[in-house]
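Notes for the structure review
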Amino acid sequence: MTKQAAKIMTTVQDNIEVERQILESIDKWVEKEVRPIAREYDQADEYPEQLVEQMKELGLFGATISQEYGGLGLSATTYARVVMRIAQVWMAPTGIFNSHLIMANCVERHGTDSQKERFLPRFATGELRGGIGLTEPDAGTDLQGIRTTAIRQEKNYVINGTKTWITNGVQGTCLAILTKTDSTVSPAHKGMSLFLSEKGDGFTVGKKLKKLGYRAIDSGELIFQDFEVSSDNLIGGEEGRGFHQIVGGLELGRINIAARGAGMADGATKMALAYAKDRKTFQKPIVEHQAIQLKLAEMSTRAEAARLLVEQAAKKFDLNERCDLEAGQAKYFASESAVQNSLDAMRVFGGYSYSPDYEIERFYRDAPLLCIGEGTNEIQRMIIAKQMVARSD
């Protein structure tokens, strides 16, 4: 073996060991801190302040931020494995750092050197926490239809508009806000710009939105009334690039959603299996009934297939290769698997599945969000098909 090959092998082995230690720490944290409070905080729709502080200590707010800016510098593959482990138990907390990391990813990939130095170290520690402000009352999937404007006035921009369904909108302190700096240009995306906006005068929370699932994690309505933000906070320093900056960041977001789905699909399978081994009918555990066995087999297969699709997309992302096809496939299949597996687990649990005393009812409420967030699954299928055609040429 050459010296270079030996060095590469040592680096690979070191990375494997680091990942093992990280995942071991996450597993211990999930069992000790997350599982015991999940049901209580979900039902009360109460923000888990203590988990957020623990996430800071674990470095989760800097999970994918480069080490030179104080982050962990995790690969997308390791990051996805972290998310899957947490989502197996309680999906909602992963949203606290996922939206935050999409914002950080936009800065690291597209920001100026000054923006990276000013914001990334504070993002990594969790001193500044937040997410992305895209959705509006009349614009969701069609981002080019947003109405929030940012008008240049000397050294500042003045932002006016409303955002809604913004994760971390209530508890977060800094968000990347997508605006229109030119409402006349066509196509519309050429007039869209992204601003790092710390809360202040003119930037208020309208209300915290109530939800069927994904509770405890805040989703808010944000109102901008003559909110002034420095031109230094225009990501990349150039107008008209916001749409492409944020869409590129959504690849990581979709991998995260896919990882959540794979984790939930696996978690629902494990809960159903454990219950089926314990519950008895006709003098034997229901796991011995063929109907239950068939359901468990399907659930297990879906969960494993979802995990493999997540791994494939994450590895492409790590290689800096275009992965909208793979991320779309993973997000689509894993989220649908989470929905189906939670429903199948409800059927395994029978009447008890409707009781909040059992965790599976939370999975059933949380899973549908994954089919909507970071681009609906209808859009994912369109992306997949278009990329199939493009790659066949």
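Small disclaimer: the values here were computed from a predicted structure and weren't measured. (Residues numbered from 1 in each chain as written. Predicted model: local features only at pLDDT ≥ 70, side-chain atom pairs only at ≥ 80, totals over all residues. Heavy atoms only, no water.)

Some details on the overall build of the protein chain
- Of regular secondary structure, the protein chain possesses 10 helices and nine strands.
- For the protein chain, whose C-alpha radius of gyration is 22 Å, the value lies close to the compact-globule estimate of 21 Å for 393 residues.
- Expressed along its principal axes, the backbone C-alpha trace of the protein chain runs to roughly 80 × 60 × 50 Å.
- Looking at the protein chain residue by residue over its 393 residues, the buried ones come to 52%.
- Taking contacts inside the protein chain between residues at least 6 apart in sequence as the whole, the part at least 24 apart equals 74%.
- Entry remark: accessible area of the protein chain is about 18,100 Å², with carbon and sulfur atoms responsible for 50%.
- Computing the positive centroid from 48 side-chain charges and the negative centroid from 53, the protein chain places the two 4 Å apart. (Helix = DSSP H or I, 4+ residues; strand = E, 2+ residues; numbered from the N terminus. Rg over C-alpha atoms; globule rule 2.2 N^0.38 Å. Buried < 20%, exposed > 50% of the residue type's maximum accessible area, 1.4 Å probe, protein only. Contact = heavy atoms within 4.5 Å. Areas by Shrake-Rupley, 256 points an atom, 1.4 Å probe, with all protein chains shown as cover. Lys, Arg positive; Asp, Glu negative; His and termini not counted. Charge placed at Lys NZ, Arg CZ, Asp CG, Glu CD.)

As for the confidence of the model for the protein chain
- Looking at the protein chain as a whole, the pLDDT averages 93, with 96% of positions reaching at least 70.
- For residues 4-13, every residue scores under 50 in pLDDT, and the model assigns this stretch one contact once sequence neighbours within four places are set aside. (pLDDT = per-residue confidence, 0-100.)

Some thoughts on the pattern of salt bridges
- For the structure shown, the criterion picks out 29 salt bridges.
- With its nearest N and O atoms 3.0 Å apart, the salt bridge here joins Asp 27 to Arg 85. Taken together, the residues span a long stretch of sequence, with Asp 27 in helix α1 (residues 3-44) and Arg 85 in helix α3 (residues 76-87) at a distance of 58 residues.
- Across the pair Arg 381 and Glu 378 runs a salt bridge, and its minimum N-O distance is 3.4 Å. Remark: Glu 378 and Arg 381 occur in helix α10 (residues 377-392); sequence separation between them is three residues, near one turn of the helix.
- Since its relative accessible area comes to 40%, Arg 381 is described here as partly exposed.
- Each of Lys 316, Glu 321, Arg 322, Asp 324, Glu 326 and Arg 391 takes part in one network of salt bridges that share partners. (Salt bridge = Lys/Arg side-chain N within 4 Å of Asp/Glu carboxyl O.)

Structural notes on the nonpolar core
- With 96 residues, the main nonpolar core has Trp 90, Phe 97, Phe 123 and Ile 246 as its most contacted residues.
- Each residue touching Phe 97, except ones within four places of it in the same chain, is listed here: Met 55, Leu 60, Phe 61, Tyr 79, Val 83 and Ile 86.
- In terms of nonpolar packing, the next biggest core, distinct from the first, is built from 13 residues, Ala 150, Ile 166, Phe 227 and Val 229 among them. (Core = buried A, V, L, I, M, F, W, Y, C linked by side-chain atoms within 4.5 Å.)

With respect to unusual backbone geometry
- Ser 186 connects to Pro 187 through a cis peptide bond whose omega is -5°.
- Along the chain, Pro 187 turns up in the loop between β4 (174-180) and β5 (192-198).
- Unlike most non-glycine residues, Phe 282 shows phi in positive territory, near 55°.

Brief notes about the packing of α3 against helix α7 (residues 290-318)
- Two elements in contact, α3 and α7, have axes separated by 8 Å at closest approach and are oriented at 145°. Residues Ala 76, Thr 77, Ala 80, Arg 81 and Met 84 of α3 pack against Arg 307, Val 310, Glu 311, Ala 314, Lys 315, Phe 317 and Asp 318 of α7. (Axes fitted to C-alpha atoms, helices over the stretch in contact; angles between N-to-C directions.)

Here we look at the packing of α3 against helix α6 (residues 242-278)
- For the pair α3 and α6, interaxial distance at closest approach is 7 Å and the crossing angle is 40°. In terms of orientation, α3 and α6 fall into the oblique class. α3 and α6 meet at a crossing whose hand is right-handed. Contact with α3, carried on its side by Ala 76, Tyr 79, Ala 80, Val 83, Met 84 and Ala 87, involves Leu 252, Ile 255, Asn 256, Ala 259, Arg 260, Ala 262, Gly 263 and Met 264 of α6 and no other residues of that element.
- Here the contact of α3 with α6 is composed, by residue class, of 11 nonpolar, two polar and one charged. (Parallel < 35°, antiparallel > 145°, perpendicular 65-115°, else oblique. Left-handed = near helix turned anticlockwise from the far one by under 90°. Nonpolar A, V, L, I, M, F, W, Y, C, P; charged D, E, K, R; others polar.)

Re the environment of Asp 201
- Along the polypeptide, Asp 201 turns up in the loop between β5 and β6 (203-208).
- Given the relative accessible area of 76%, Asp 201 is considered exposed.
- Note: C-alpha distance between Asp 201 and Asp 226 (25 residues apart in sequence) is 8.6 Å.

Considering the environment of Thr 204
- Mapping Thr 204 onto the fold places it in strand β6.
- Sequence separation of Thr 204 and Ala 38 is 166 residues, and the distance between their C-alpha atoms is 29 Å.
- Once residues within four sequence positions are removed from consideration, Thr 204 is found in contact with Glu 221, Leu 222 and Ile 223.

Regarding α10
- Compared with an ideal rise of 1.5 Å per residue, which puts 16 residues at 22 Å, α10 spans 22 Å between its outermost C-alpha atoms and is within 8% of the ideal.
- Residues Asn 377, Gln 380, Ile 384 and Gln 387 constitute the buried set of α10. An end-on view of α10 places all buried positions within 75° of arc, on one side of the element. Of the exposed residues in α10, those oriented more than 90 degrees away from the buried face are Lys 386 and Val 389.
- Against α6 and α8 (324-349) lie the buried residues of α10. (Expected span 1.5 Å × (residues − 1). Arc of directions from axis to C-beta.)

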